[in-house]
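# Overview (structure and organization)
So the chains spell out like this:
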Amino acid sequence: MSQSMNEHITNWQAVGQETITRVRDLLRLDTRNPPGNEIRAAEYLRALFETEGIPGEIVGPSRDRGTFISRLKGDGSAPPLLLMSHTDVVAVEPEKWTHDPFSGDIADGYIYGRGALDMKQMVAMEAMTMLLLKRAGVKLKRDVIYMAAADEECGGHEGAGWVVEHRPELIQAEYALNEGGGSGLEINGRRYYPVRTAERGTVRFRIRTHGRPGHGSVPHHENAILKLAAILAKFTPNLLPAHFTTTLREYITGIAATQPPDVALALHAVLADEGTADEAIDRLPIDGSLKQRMHAMLRNTVTPTVLKAGSQINVIPSEAEALIDGRNLPGWTPQMVLEELRTVVGSEADIAFLDPSTPLEADLQSPLFSTIKDVLKEHDSEATPIPFLLTGGTDAKHVTRLGTKVYGFVPGLYAGAGEGRRVHSHDERISVRSLQWGVRVLYEVVERFASGSSG
Ligand SMILES: [Zn+2]
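Keep in mind that what you see is a predicted model, and the values were worked out from it rather than measured.

## Regarding helix H11 (residues 334-345)
- Here H11 is 12 residues long and its end C-alpha atoms lie 16 Å apart, about the 16 Å a rise of 1.5 Å per residue gives.
- Along H11, the residues that are buried comprise Val337, Leu338, Glu340, Leu341, Val344 and Val345. Buried residues along H11 cover an arc of 165 degrees about the axis, so they all sit on one side. Facing away from the buried side of H11, by more than 90 degrees, are the exposed residues Glu339 and Thr343.
- Within two residues after H11, Gly346 carries a phi angle of roughly 85 degrees, on the positive side.

Below is the structure:
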């Protein structure tokens, strides 16, 4: 490798600038899903990689729904590492934004755009990582695979799910880095980096009640709507019982480790007993939204989201149904959640499954997780990396079917309370500083892990 290439690698100022350009380019491509049109991003990436001499392939169920995949070969002495992301974004209400959501505008140190946090910043950071490995001619032990997938926001069946079904050989890897963690977090002035090691599955239900039809003018007790309403009235947020997972234990222990003694004690009290964990969470001297998340990390959740009953105002319907968005913890099958739910719903209503997916929990002791911890410490000595359980789901649900251990790690600086709430909301943005810092952290994790100087 030439001297100048080496210099390019270490010139993080220039790398940061280049990353900013890539993110802005990607934000200007409208990949709202539905309909997606992720081919726009896939073609952009293919051209970028080709210019640098890295071949890639666009795959998918149709031309519009392209997923871009590329690979840097290692010497084969260790199994591959997958850098995964998605190129689609959710809808926008442009009139509620202060900047055009597809402009990539920079203002006050932030880049604005739909996908700035979820997750075109990572599409660009992972692409930069590939480019930098290639430019520096890094000798890899592991292949490093890049996948920028379509359709994550609508379930991933046209993106990562499709690849797993039809072209698994393209992305088969031992480990993967994905969305769902990595961004700095402050609790009582102490800084943490949650790395997503576990993810709940989805287990959706339909609850249906049956009754006696009749004329609306003659009320009776067999009204299907009233039966359903009585059941749904029981659905409080912490409805199902608490269960500790390895990730939750490590998450709480990890936070407690750097908190003042009184807060640490209150945190350990959460782990004392599953039966009293919720009250212990409520007593914690921490931010309310964090408490809400802890309650959700603690249990299988069931949330009514859709109601269907009746068609005419003067007719008592014979059936009523509710759709329930359920999420199951690692180790919990849909059947086990159904049994928990049964005790609440009772035996009268029908309960049916709709499209379950599997929860997952990756090893907290792995060499990749250690590398992440080491690199984070080097770039933020005050930081404590902690594992955490994502209460929602990502494309990890597809990729883990290939046996891949997926970690959610999109390195970013703490940006202040409320900044993360811009995901899927108005004025989504990422700070330029965070992006410059993140691309370096990500590169160093990948370079160190895949070239074998660790792991
Ligand atoms: Zn996402």
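Moving on from the model shown.
## Digging into the packing of helix H12 (residues 367-379) against helix H14 (residues 432-451)
- At a closest axis distance of 9 Å, the pairing of H12 and H14 adopts a crossing angle of 140 degrees. Comparing the axis directions of H12 and H14 gives the class oblique. Considering only the axes of H12 and H14, their crossing is right-handed. Contact with H12, carried on its side by Pro367, Leu368, Thr371, Ile372, Asp374, Val375, Leu376, Glu378 and His379, involves Trp437, Arg440, Val441, Glu444, Val445, Arg448 and Phe449 of H14 and no other residues of that element.
- Classifying every residue of the contact of H12 with H14 gives 9 nonpolar, 2 polar and 5 charged.

## Points about the coordination of the zinc ion
- Coordination sphere of the zinc ion, protein contribution only: His86 (NE2), Asp118 (OD) and Glu179 (OE), at 1.8 to 2.1 Å.
- In primary-sequence terms, the residues that donate to the zinc ion follow H-x31-D-x60-E. With a gap of 61 residues between them, Asp118 in the loop between strand S5 (110-112) and helix H4 (120-136) and Glu179 in the loop between strand S7 (175-178) and strand S8 (185-187) connect regions that are remote in the sequence. Both residues of the pair, Asp118 and Glu179, belong to the buried class.

## A closer look at the environment of Ala224
- Here Ala224 lies in helix H6 (residues 224-232).
- Counting along the chain gives 95 residues from Ala224 to Glu319, while the straight-line C-alpha distance between them is 5.2 Å.
- In this structure Ala224 touches Thr209, His210, Gly211, Pro317, Ser318, Glu319 and Ala320, once residues within four positions along its chain are discounted.

## Observations regarding the packing of aromatic side chains
- Under the defined criterion, the tally for this structure stands at 9 aromatic pairs.
- Here the aromatic cluster, defined as three or more aromatic residues joined through ring pairs, consists of Tyr175, Phe369, Tyr407 and Phe449.

## Examining the pattern of salt bridges
- In this structure the tally under the stated criterion is 33 salt bridges.
- In this structure, Glu38 engages Arg65 in a salt bridge whose closest nitrogen and oxygen atoms are separated by 2.8 Å. Taken together, the residues span a long stretch of sequence, with Glu38 in the loop between helix H2 (12-27) and helix H3 (39-51) and Arg65 in the loop between strand S1 (56-59) and strand S2 (67-72) at a distance of 27 residues. The exposure classification of Glu38 matches that of Arg65, with both residues buried.

## Brief notes about the confidence of the model for the protein chain
- The predicted model of the protein chain averages 93 in pLDDT, with 97% of residues at 70 or higher.
- Contacts from residues 1-8, a stretch scored under 50 in pLDDT, to residues over four places away or in other chains number 7 contacts.

## Some details on the environment of Phe235
- Here Phe235 lies in the loop between H6 and helix H7 (246-256).
- Aside from chain neighbours lying at most four places away, what touches Phe235 is Ile207, Val302, Pro304, Ile324, Leu341 and Val345.

## Notes on the sheet that holds S5
- If you trace the 3 strands from one edge of the open sheet to the other, you get S4-S5-S20, paired in antiparallel fashion. Bordering the open sheet on either side are strand S4 (106-107) and strand S20 (429-431), each of which pairs with just one other strand.
- Note: S4 against S5, 2 bridges, orientation antiparallel. Of the residues in S5, the one forming a bridge with Ile106 is Ile111.

Conventions adopted
- Sequence order sets the numbering: in each chain, residues are counted from 1 along the sequence as written.
- The predicted origin of the model limits local features to residues at a pLDDT of at least 70 and limits the giving and counting of side-chain atom pairs to 80 or more, whereas totals for whole chains, interfaces and linings rest on all residues.
- With hydrogens and water stripped out, all remaining heavy atoms of the structure feed into the side-chain values.
- In DSSP terms, a helix is any run of H or I states spanning at least four residues, a strand is any run of E spanning at least two, and both are numbered starting from the N terminus.
- Working rule for helices: expected span equals 1.5 Å times residues minus one.
- Accessible area is worked out with a 1.4 Å probe on protein chains only. A residue is then buried under 20% of its type maximum, exposed over 50%, and partly exposed in between.
- Working definition: the arc comes from the directions between the helix axis and the C-beta atoms, pointing outward to the latter.
- To get an axis, fit a line to the C-alpha atoms, keeping to the stretch in contact for a helix; angles then go from 0 to 180 degrees between the N-to-C directions.
- Roughly parallel refers to an angle under 35 degrees, roughly antiparallel to one over 145, roughly perpendicular to one between 65 and 115, and oblique to any angle outside these ranges.
- Helix crossings fall into two classes, left-handed where the near helix is turned counterclockwise from the far one by less than a right angle and right-handed where it is turned clockwise.
- Contact between two residues is taken to exist if any of their heavy atoms lie within 4.5 Å; hydrogens are not considered.
- In this classification, Asp, Glu, Lys and Arg are treated as charged, Ala, Val, Leu, Ile, Met, Phe, Trp, Tyr, Cys and Pro as nonpolar, and every other residue, Gly included, as polar.
- Shown as donors are all N, O and S atoms within 2.8 Å of a metal ion, widened to 3.2 Å for Na, K and Ca; because water is not in the atom set, sites may appear incomplete.
- Aromatic rings from Phe, Tyr and Trp, taking only the six-membered ring of Trp, are treated as a pair when their centres fall within 6.5 Å; an angle between ring planes under 30 degrees marks them as stacked, one over 60 as edge-to-face, and anything in between as tilted.
- Think of a salt bridge as a Lys or Arg side-chain nitrogen and an Asp or Glu carboxyl oxygen that are within 4 Å of each other.
- By definition, pLDDT measures how confident the predictor is in each residue, and it falls between 0 and 100.
- Any two strands between which DSSP finds at least two bridges are classified as paired.

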